[in-house]
Amino acid sequence: MKLGTNLACGGCGREIHERWYLRAADRPWHCGCLRCCHCRLPLAAELTCFARDGNIYCKEDYYRLFAVSRCSRCRAGISSTELVMRARDLVYHVACFTCSSCGTPLNKGDHFGQRDGLVYCS
């Protein structure tokens with residue numbers, strides 16, 4: 001974005017004198033100051049960043065920390081755009097939907113059983 005007047009950076013709080021700056025979470029940022037608050041990844045060159053409670057996050061940390069759904073196998077967050085496998089009330093990443101005993105990947109239509117939240121092939 002093009003520079004306005006008297007803009008304070010959302011990261012460092014100093015005035016922005018550069019000709020170009022970034023805008024995230026309704027605040028202006030120096031390009032070098034826009035970083036994930038969790039892992040400190042620079043976000044100026046990223047296509048997306050996420051804001052929550054005034055903090056800025058990279059995509060990976062945001063989904064890991066705040067995803068509504070978590071994989072029943074690996075416990076990592078599942079984004080709303082990911083394909084999933086469901087078994088009763090449990091949700092899995094497609095790659096995590098494997099037999100807990102032998103590791104065989106289970107596909108749509110395969111017969112399987114469940115016990116104590118674990119999935120088993122027939």
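Keep in mind it's a predicted model, so treat the numbers as computed, not measured. (Residues numbered from 1 in each chain as written. Predicted model: local features only at pLDDT ≥ 70, side-chain atom pairs only at ≥ 80, totals over all residues. Heavy atoms only, no water.)

(A) Up close: the domain arrangement of the protein chain. Its domain assignment divides the protein chain into domain 1 (1-66) and domain 2 (84-121). A C-alpha centroid distance of 39 Å is found between domain 1 and domain 2. (Domains from an automatic or database assignment.)

(B) Local environment of the side chain of D61. Considering the arrangement of structural elements, one finds D61 in helix α1 (residues 59-66). Polar side-chain contacts of D61 include one of 3.4 Å to the backbone nitrogen of C39. Setting aside chain neighbours within four positions, we find D61 in contact with C36, H38 and C39. (Helix = DSSP H or I, 4+ residues; strand = E, 2+ residues; numbered from the N terminus. Polar contact = N/O pair within 3.5 Å; in protein donor to acceptor, adjacent residues only side chain to side chain. Contact = heavy atoms within 4.5 Å.)

(C) Region of the structure containing the UniProt feature "domain: LIM zinc-binding" (unreviewed entry) in the protein chain. UniProt's feature table lists "domain: LIM zinc-binding" (unreviewed entry) at residues 7-68 and 69-122, given in the numbering used throughout. What you have in residues 69-122 is 0% helix and 37% strand, and the ends, taken at the C-alpha atoms, are 27 Å apart. (UniProt positions renumbered as here; feature names shortened; annotations may be inferred.)

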